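Structure assessment
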Amino acid sequence: MLTSSFALLGLAGLAAIAANPGQSISVVVLASAITAGVAAVIYQRSAAALEAGRRTEAEILARILQGLSRSASAEGIVQALLAELGRGTGADHTVVVRRRIGERSLEASLAGARPEDPSATIQLPIADLAIGTDDGPGSAGQRIEAQVRTGFGLSHTLTAPLGTARGVIGAIVLARRTDEPWSAGSRRILQAAALEAAAALERVESHRDAEARASTDVLTGLPNRRYFDEFCGLLAERRRADDAVGILMVDLDHFKRVNDRFGHDVGDAVLRAVARVIAGAVRDDDVPARYGGEEFVVLLRNPSARVALEIAERIRVAIAGLDLRALGPGPISASVGAAVQVDAEQPIADLLADADRALYRAKRAGRDRVVAA
């Protein structure tokens, strides 16, 4: 519309010159109209290019957000970033660096912009994360960037830290082979992606923490009965014909006396101590859990009857050997019922019932002993 107006103004100027060829004012008007028209065309083209660029940025960010929202794990979030950021920013390589919860290193995952480019993962020193330092997330991001450049042999990088309320948890690093400046659009996309990715990672970790709390006994730190029952259900579905299962039911003897005499705080401390020795007495593949009150259960993976009784006796002796004098109670004891599957088709629920009956026989026989089903 603006260009058309200046075109009409130019035509009017030409008409004026034709009608009054001797008047210089008409030439000035025409020149001004042409100059203004050219400026208008340039402005319109720039505005259109800017609008197209903004629209492209919005589409790229929409795809990134869609990928992040669909990701139910930290690994899925990393893959969503690696899949889209290179294509949207003109980067030849994208690196996502994050800290795995509970680990003492950073995991850096690299992907190229082209499908045929190889991917790679390396570990970086955790010190470069520098959570809690006073130099801010930017400096932590720069240190991670330096490690990424060295570790992958990259150059011409652009970095944005992944910052959360808990501090910096990683960074996104873009790299290209040429040394041309990064565009303002690439910088905006990277900053927005880093902000959304940090929030998505925090969401995933919070969800995982909530699941862990739901399946962990708060007092002892062992898996709780809900987790144990769910695990047994999954095991029953996936178990092979030659897999064997054993169950140990462990119950502390006369534990009510401890609570009545020394209080529930001391009783809780005793339960925590018992949980530790049970966890230390079983094998790596076995699953101990707090079943309720002063009762514990252990799922044994592929035990023979002899091995099941050996582990049960090891637990009984470890509990009897606890030094609880600092807490007040003297030695405590436990009764243990053991059951090992003799038929691959036997439901685990039936095995639990067998171990429970063996436990009560141990109680009736005088406690502080192991009885097999």
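Here the structure is shown first, and the text comes after it.
All of the points below concern the structure found in this document. Here the residue numbers are simple positions, counted from 1 along each chain's written sequence. This being a predicted model, a pLDDT of at least 70 is required before a residue's local features are given, and a value of 80 or more before pairs of side-chain atoms are given or counted; all residues contribute to the totals for chains, interfaces and linings. Hydrogen atoms and water are omitted, and side-chain values are computed over all heavy atoms in the structure.

A few words now on the overall build of the protein. Counting secondary structure elements, the protein contains 10 helices and 10 strands. Throughout, exposure labels follow a simple rule: accessible area from a 1.4 Å probe, protein chains only, divided by the maximum for the residue type, with under 20% read as buried, over 50% as exposed, and the rest as partly exposed. Here the protein holds 373 residues, and 42% of them are scored as buried. Method for areas: the Shrake-Rupley scheme with a 1.4 Å probe, in which residue coverage is limited to the protein chains shown. Carbon together with sulfur atoms contributes 55% to the accessible area of the protein, which is approximately 19,800 Å² in total. Segments assigned H or I by DSSP are reported as helices when at least four residues long, segments assigned E as strands when at least two residues long, and all are numbered from the N terminus.

Next up on the list: the packing of aromatic side chains. The aromatic pairing rule takes the rings of Phe, Tyr and Trp, using the six-membered ring of Trp, and pairs them if the centres are within 6.5 Å, calling planes under 30 degrees apart stacked, those over 60 edge-to-face and the rest tilted. One pass over the full model with this rule turns up two aromatic pairs. Summarising the aromatic geometry, the rings of Y227 and F231 are spaced 6.1 Å apart at their centres and angled 25° between planes, so their arrangement reads as stacked. One end of the pair is Y227 and the other is F231, both in helix α6 (residues 225–238) and four residues apart, which spans about a single turn. Accessibility expressed as a relative area gives 22% for F231, which makes it partly exposed. A ring pair is formed by F228 and Y291, whose centres lie 6.0 Å apart and whose planes are at 85°; its orientation type is edge-to-face. Here F228, found in helix α6, pairs with Y291, found in strand β7 (residues 287–292); they are 63 residues apart in sequence, far enough to count as distant.

Once that is clear, we can look at the side chain of N224. Inspection of the secondary structure assignment puts N224 in the loop between α5 (184–215) and α6. Looking at N224, the relative accessible area reads 14%, which means it is buried. Pairs of N or O atoms are called polar contacts if they sit within 3.5 Å, as long as, within protein, a hydrogen donor faces a hydrogen acceptor (for residues adjacent in sequence, only side-chain-to-side-chain pairs). Of note is the side chain of N224, whose polar atom sits 2.9 Å from the backbone oxygen of A214. Contacts were defined at the residue level, with two residues in contact if any of their heavy atoms lie within 4.5 Å. N224 has contacts with A214, S215, T216, D217, A289 and R290, leaving out every residue within four places of it along the chain.

This part takes up the sheet that holds strand β4 (residues 157–164). What makes two strands pair is DSSP finding at least two bridges between them. Read across the open sheet, the five strands follow the order β3-β2-β1-β5-β4; overall the sheet is antiparallel. The open sheet has two edge strands, β3 (120–125) and β4, and neither has a second partner. Strand-to-strand twist in this sheet, taken as the mean axis angle between neighbours without regard to direction, amounts to 20°. Across seven bridges, the pairing between strand β1 (residues 93–99) and strand β2 (residues 105–112) is antiparallel. Following the sheet pairing, R99 is matched in β2 by L106. Packed on one face of the sheet, helix α3 (residues 74–89) meets β1, β2 and β5 (167–175) and runs near 155° to β1. With respect to the sheet, α5 is in contact with β1, β4 and β5, its orientation differing from that of β4 by roughly 30°. In this analysis, axes come from line fits to C-alpha atoms, helices being fitted only over the stretch in contact, and the angle between any two N-to-C directions falls in the range 0 to 180 degrees.

In spatial order, the strands read β7-β8-β6-β9-β10; together these five strands make up an open sheet with mixed pairing. In the strand order of this sheet, the two ends are held by β7 and β10 (370–372), each with one partner. The sheet shows a mean angle of 20° between the axes of neighbouring strands, taken without regard to direction. Across seven bridges, strand β6 (residues 245–252) lies against strand β9 (residues 334–340) in antiparallel orientation. Residue pairing across strands places I247 opposite A339, the latter belonging to β9. Contacting β6, β7 and β8 (295–301), helix α8 (residues 264–281) runs over the sheet at an angle of about 10° to β8.

With that settled, consider the pattern of salt bridges. A side chain of one charge can pair with a side chain of the opposite charge when the charged atoms of the two come close. What counts as a salt bridge is simple: a side-chain nitrogen of Lys or Arg found within 4 Å of a carboxyl oxygen of Asp or Glu. Per the counting criterion, the structure on display carries 19 salt bridges. Taking the shortest distance from any N to any O, the salt bridge between R225 and D229 comes out at 3.8 Å. One end of the pair, R225, and the other, D229, are both in helix α6, four residues apart, so they sit about a helical turn from each other. For R225, a relative accessible area of 42% translates into the label partly exposed. Given a relative accessible area of 35%, D229 falls into the partly exposed group.

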